[in-house]
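# What the coordinates show
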Amino acid sequence: SQSGAGFGPGSVRVAAEQLVIEDGGSVDLTTNDGTGGAGRLEVEVDRLEIGGAFSQLRSVTTRAGDGGAIAVRAREIRLRDEGRIVSESVASPSLDVGSNGAIRLEADGIGLESGADVLSVTNDAGAGGDVTLQAGRLSLAGRSR
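If you're wondering where the values come from, they're calculated on a predicted model, not measured in any experiment. All chains use their own residue numbering, which begins from 1 and follows the written sequence. Predicted model: local features are reported for residues with pLDDT of at least 70 only, side-chain atom pairs are reported and counted for 80 or more only, and whole-chain, interface and lining totals are derived from all residues. Each side-chain value is worked out from all heavy atoms of the structure, with water and hydrogens disregarded.

## Remarks on the pattern of salt bridges
Whenever Lys or Arg places a side-chain nitrogen within 4 Å of a carboxyl oxygen from Asp or Glu, that contact is recorded as a salt bridge. Going through the model one piece at a time under the given rule, you end up with 16 salt bridges. For Glu22, the salt bridge identified is with Arg80, shortest N-O distance 2.6 Å. Of this pair, Glu22 sits in strand E1 (residues 12-22) while Arg80 sits in strand E5 (residues 69-80), and the two are 58 residues apart along the sequence. Categorising residues by exposure relies on relative accessible area from a 1.4 Å probe, with only protein chains included: less than 20% of the type maximum marks a residue as buried, more than 50% marks it as exposed, and the intermediate range marks it as partly exposed. Residue classification places Glu22 among the partly exposed positions, given a relative accessible area of 38%. Of the residues examined, Arg80 reaches a relative accessible area of 13% and is grouped as buried. Secondary structure elements follow DSSP: runs of H or I of four or more residues count as helices, runs of E of two or more count as strands, with numbering from the N terminus.

This is how it looks when you write it as structure tokens:
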């Protein structure tokens, strides 16, 4: 979902038994205009798996508007091989970019391995979003963060 002139991005909601994002696949929410409100990226699944470089759930803001929040509820979340969940602002030389959306992951088990990331990155004036992981089991291995 992507914003345009005068409106914010719509929300994206994924509800399924399983969501697998691989080989550079992504689900994105992009704010390109500061005049509309930010949508939300919501995923409700039994199992979420993200694997491979550039494979991601992502909320990004490139303008003055704030980025949308990411919320994931699952029994199991697994990120591997540089897969990532990211909320970010992309710097602009001509204007201050808005704040990132928050990331909230809720699962029985969350595992990150082989360079996987859950992160909020700000490259401009906007504030970084909160990152919250709530899990019965949390595992980080192999350069994951």
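## A word on the environment of Ala16
Assignment of secondary structure puts Ala16 in strand E1. Using a relative accessible area of 34% as the deciding quantity, one classes Ala16 as partly exposed. Any pair of residues with heavy atoms lying within 4.5 Å of one another is described as a contacting pair. Setting aside its immediate chain neighbours within four residues, Ala16 contacts Glu44, Val45 and Asp46.

## Some points on the sheet that holds strand E4 (residues 56-61)
The strand order across the open sheet formed by four strands is E2-E4-E6-E8, and the pairing between neighbours is parallel. Of all strands in the sheet, those with a lone pairing partner are strand E2 (26-31) and strand E8 (117-122), marking the two edges. Ignoring strand direction, the axes of neighbouring strands in this sheet form an average angle of 5 degrees. Pairing of strand E6 (residues 84-89) with E8 involves six bridges; the strand directions are parallel. At least two DSSP bridges between two strands are required for those strands to pair. Each axis is a line fitted through C-alpha atoms, and for a helix only the stretch in contact is used; angles between axes span 0 to 180 degrees, taken between their N-to-C directions.

## Some words on the environment of Asp81
With respect to the secondary-structure elements, Asp81 resides in the loop between E5 and E6. When neighbours within four sequence positions are excluded, Asp81 is seen to be in contact with Gly51, Gly52, Ala53, Glu113 and Ser114. Polar contacts, as counted here, are pairs of nitrogen or oxygen atoms within 3.5 Å of one another; within protein the pair requires one atom able to donate a hydrogen and one able to accept it, and residues that are adjacent in sequence qualify only if both atoms are side-chain atoms. Side-chain polar atoms of Asp81 contact the side chain of Arg80, separated by 3.1 Å.

## Some words on the sheet that holds strand E9 (residues 131-140)
Within the open sheet, the five strands sit side by side as E1-E3-E5-E7-E9. Their pairing is parallel. Strand pairing shows two members of the sheet lacking a second neighbour, E1 and E9, which therefore form its edges. Geometrically, the sheet is characterised by an average inter-axis angle of 10 degrees between neighbouring strands, direction not taken into account. Pairing between E5 and strand E7 (residues 103-112): nine bridges, direction parallel. If you follow Ala71 over to E7, its bridge partner there is Arg104.

## Structural notes on unusual backbone geometry
Backbone geometry at Asp81 places phi at a positive 50 degrees, although glycine is not the residue there. Of note, Ser114 is a non-glycine position whose phi angle comes to about 55 degrees, a positive value. When you line up the elements, Ser114 lands in the loop between E7 and E8. Ser114 sits in the partly exposed class, given a relative accessible area of 31%.

## Quick notes on the confidence of the model for the protein
A score from 0 to 100, pLDDT tells how confident the predictor is in each residue. The predicted model of the protein has a mean per-residue pLDDT of 88, with 89% of residues at 70 or higher. For the protein, per-element mean pLDDT is lowest for E2, which scores 88, and highest for E7, which scores 98.

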